[in-house]
Amino acid sequence: MKKGRIKVMLGNEACVEAALLAGCRFYGGYPITPATEILEIMSRRLPLVDGLCLQMEDEIAAMVAVVGASWGGTKAMTATSGPGFCLMQEAIGLAVAVEAPCVIVNVQRGGPASGQSTSTAQGDFYQARYGSNGDYSLIVLCPSTAQEMFDHTIKAFNISERFRIPVIILSDEVVGHIREKVFIPDADQLTFVERKKPTVPMEDFVIFKPEENGVPLMPTFNTGYKSPVISQAKSQSGNRGNAKEAAENIHRLVSKIEDHMDEFAEVQVYGDEKAETAFVTFGSVCRAARSAVDMGRDKGLALRSVEVKTVWPFPDDLVRRALAGAKRIVVAEMNLGMLQREIERVIRQPEIKIELFSKIGGIYPQPQEFLRFLEEKR
Amino acid sequence: MKDAEKIEIDRRYCKGCMLCKYICPSDVFEPGQTRSDLDYLMPRVANLENCRVCGLCEMHCPDMCMTVIAKKKRKEKK
Amino acid sequence: MNPLGEKYLRKDFLPFLFCPGCGDGMIVQAFLQAVDDLGCVDDLALTAGIGCSAWIGVYMHVDILKVLHGRAIPAAIGIKATNPSRKVVTFTGDGDCLAIGGNHLLHAARRNIDMTVVMVNNQIYAMTGGQVAPSTVVGSKTQTTPYGNIEKQLDGCKVAIAAGATMVSRWSTAQPKQLTRAFKKALNHKGFSFIEIMSQCPVQTGRYLLGSSSPQFNFQWLKDHCVKEEDPSKWAEIEAQGKIPVGDFLQIEQPEFMEEVARMNQRVKEAQAKGGDR
């Protein structure tokens, strides 16, 4: 039984609570519904721990400042919603290219463009993975409760420091704005990961030469390493690379994450693990799916709900295992079919059609609708 | 006013822009026939005896190739 | 390699990628001279964006974060914020700073953050082959204004002054001594300092706009066209002659952003300790 306290809080608030515990001391942000609370609460809490919360002039500045703060030696984060997330894409690619640990929260809302600022949606599923230019990989976590918002934020900082990557927390308006119980463990009950720094003299240090696990050591600026950190495709020395060096570096940026998925990938199964009918969901829709499973059980239906907690890199093996034995698979999401495509790719069984329960426009799906879908689309 | 012992032009980086010749007030340089490692025609120190070690060539070289070395005085001037 | 270069350049990245006769290499030297005179190399943290001038800092053996086009200033803010004792200098260009990066210049100046922005102005987008820039003279036939530029020029120094910069200077690569002096002044100035440097670009500006790609011609052009005039009331007259006023235009003391942050944090923590809120 962990020691800690219970507090009722907004999902967005739980994110700040976790970030501060994890050691985040720089926040660069911009107001945008439904993520604004994260910026506002940070502006109140960071000065009390000698941190800095800066409302920047736009989301691009916010994300670039976060990358600067990361190389400056501090754990840093930002939060936004769809429109701001679009603006941040180039800078997210920058964080990948210069291997800067940082955390970005996208509290999804209706799109496209300005969309529906106060309504929930899940349309940024692919953008979170492929929004920036070129070849790269990163990690995306999907909380469905205020508790998970807390837990995933701790995890996000840890894996961003471990892998030296930007980690995206793909939340949505429901999770951001729900107010519910969160258990906050005491700090000594949690594990925090810090980036590994070089100890050898500068002359013996090659800035982008990886350790065994594919991740180079990261010197903080002004600690005697005189690091050349450029956004161009590079060689291990930090200079622009030739074709072979650039390709090798890109391969490493991808494999340093994708070769170690066992360290962070997570899929949960709720309900009857052997049920022939399975829902597959991510983010806030997991909540309704669970209620649908419970409702179904009361009616004598065997149902299972597969919840993808780390959607990128997509956990193919874990998902296959979670869906083993399922004869009917219904993907429920608040977009026009994105997780569905991944499930189709992963479950290549011709006798099983991957069905889509899609609900867009901003109204959250009710548990009854899941059961009605099963009935009507038999 | 000093005399120059030597003017070194680093052939690894010279790009033959000839700004050294342009800025020199003492007519020390002339276009040369040797190519630098970057394949540009380098300037030539034609009149070292004219050099007053003003340092303008060193200060203005866009590739930081020029080093002007003054002659050491044998006796200390009082 | 001259002694200053031996001491401060990042040798394994040489030679400079700059064209023969380019002003950027002269700026490397003038800046390193200032750093050497002040002995502050270990405190430096540089940022840069994209463009020819963005490479100036890469050749110096110091910490540098070279980011995206136009975004060097927010990167500098992130670095400064995490350790205010750093001397943060951003090397940017007329396109990087006044076009795509314009918004960031306004707000960094407005905040009076203790950092230095060095905007190297060659009046064109040189790295990408000679397109029009916000600083390009009206009438110029560039790669994207083949019939003549019809847009008015933006004056970076005027923008910086209006936005709240507390030190503003403009010099040229034809005045390396004044440039070094301005760099030293900026490195010691507590607040946002903006230094614009008119710099020769023989291969783009020279070739397409001035009629000659000779380094000597382009260098002389700067000598002929940059006129020292620190009285703003006389600028219009100089500009009407097609010349460029240079000099140390402004230096004032105003509350500096990171100091104000520290003061605020202290006040808030004290109030909280007493059980209050603000």
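Residues numbered from 1 in each chain as written. Chains lettered and ligands numbered in written order. Predicted model: local features only at pLDDT ≥ 70, side-chain atom pairs only at ≥ 80, totals over all residues.

**Topic: the overall build of chain C**
Looking only at helices and strands, one finds eleven helices and eight strands in chain C. Scaling as 2.2 N^0.38, a compact globule of 278 residues should have a C-alpha radius of gyration of about 19 Å, and chain C matches this with 19 Å. With the C-alpha coordinates of chain C rotated into their principal frame, the extents come out at 70 × 45 × 30 Å. In chain C, buried positions account for 56% of the 278 residues. Restricting the contact set of chain C to residue pairs at least 6 apart, pairs at least 24 apart contribute 66%. (Helix = DSSP H or I, 4+ residues; strand = E, 2+ residues; numbered from the N terminus. Rg over C-alpha atoms; globule rule 2.2 N^0.38 Å. Buried ≥ 20, exposed ≤ 12 C-beta atoms within 10 Å, placed from the backbone. Contact = placed C-beta atoms within 7 Å.)

**Overview of the overall build of chain B**
The secondary structure content of chain B amounts to two helices and four strands. Along chain B, helices and strands appear, N-terminal first, in the series β-α-β-β-α-β. When its C-alpha atoms are laid out on the principal axes, chain B stretches across 45 × 20 × 20 Å. Within chain B, the fraction of its 78 residues that count as buried is 38%. For chain B, contacts bridging at least 24 residues in sequence account for 60% of all contacts bridging at least 6.

**Let's talk about the packing of helix α1 (residues 11–22) of chain A against helix α2 (residues 36–45) of chain A**
Residue and element names in this part refer to chain A. At a minimum axis distance of 9 Å, the contact between α1 and α2 shows a crossing angle of 40°. As summarised for this structure, α1 and α2 are arranged oblique, according to the angle between their axes. The hand of the α1/α2 crossing is right-handed. From α1, Asn12, Glu13, Cys15, Val16 and Leu20 reach across to α2, where they touch Glu37, Ile38, Ile41, Met42 and Arg45. (Axes fitted to C-alpha atoms, helices over the stretch in contact; angles between N-to-C directions. Parallel < 35°, antiparallel > 145°, perpendicular 65-115°, else oblique. Left-handed = near helix turned anticlockwise from the far one by under 90°.)

**Focus: the sheet that holds strand β11 (residues 277–281) of chain A**
All names here are of chain A. With respect to topology, five strands assemble into an open sheet ordered β10-β12-β11-β14-β15, the strand pairing being mixed. Two strands bound the open sheet, and with one partner strand each, they are β10 (267–271) and β15 (354–358). Averaged over all adjacent pairs, the angle separating strand axes in this sheet is 25°, with direction ignored. The sheet contact formed by strand β14 (residues 328–333) and β15 spans five bridges and is parallel. Directly across from glutamate 333, in β15, lies its bridge partner serine 358. Packing of helix α11 (residues 339–346) onto the sheet brings it into contact with β11, β12 (303–308), β14 and β15, and relative to β14 it is tilted by some 155°. Along the sheet face, helix α12 (residues 367–376) touches β11, β14 and β15 and points at about 140° away from the line of β14. (Pairing = 2+ DSSP bridges.)

**Considering the nonpolar core**
In this structure, Val64 and Val67 of chain A together with Phe194 of chain C are the most contacted members of the largest nonpolar core, which totals 228 residues. Of the residues forming this core, the biggest block, ten residues, is contributed by helix α3 (residues 59–71) of chain A. In this structure, this core is formed jointly by two domains, domain 1 (4–189) and domain 2 (270–376) of chain A, each of which donates at least three residues. If we ignore the near neighbours within four places in the chain, the residues touching phenylalanine 194 of chain C are Ala109, Val117, Met119, Cys157, Ala160, Ala165, Met167 and Val168 of chain C. (Core = buried A, V, L, I, M, F, W, Y, C linked by C-beta atoms within 7 Å. Domains from an automatic or database assignment.)

**Describing unusual backbone geometry**
In this model, glycine 111 of chain A is joined to proline 112 of chain A through a cis peptide bond whose omega is -10°. Tracing the chain through its elements places proline 112 of chain A in the loop between β5 (102–108) and α5 (125–130). A cis amide bond, omega 5°, links leucine 14 of chain C with the succeeding residue proline 15 of chain C. Relative to the assigned elements, proline 15 of chain C resides in the loop between α1 (3–8) and α2 (23–38). Even without being glycine, glutamate 99 of chain A reaches a positive phi, approximately 50°.

**Let's talk about the interface of chain A and chain C**
With 35 residues of chain A at the contact, the number on the chain C side is 36 residues. Contributing elements (two or more residues each) for the side of chain A that touches chain C: β2 (24–29), β3 (52–55), α3, α4 (82–97) and β9 (228–230) of chain A. Here the element with the most residues in the side of chain A that touches chain C is α3 of chain A; it accounts for nine residues. Grouping the constituent residues of the side of chain A that touches chain C by class yields 20 nonpolar, ten polar and five charged. Sheet analysis places β9 of chain A next to strand β2 (residues 63–66) of chain C, joined by three bridges and oriented parallel. Bridging from a neighbouring strand, isoleucine 230 of chain A pairs with lysine 66 of chain C of β2 of chain C. (Nonpolar A, V, L, I, M, F, W, Y, C, P; charged D, E, K, R; others polar.)

The quantities given are spatial measurements derived from coordinates; they are silent on function.
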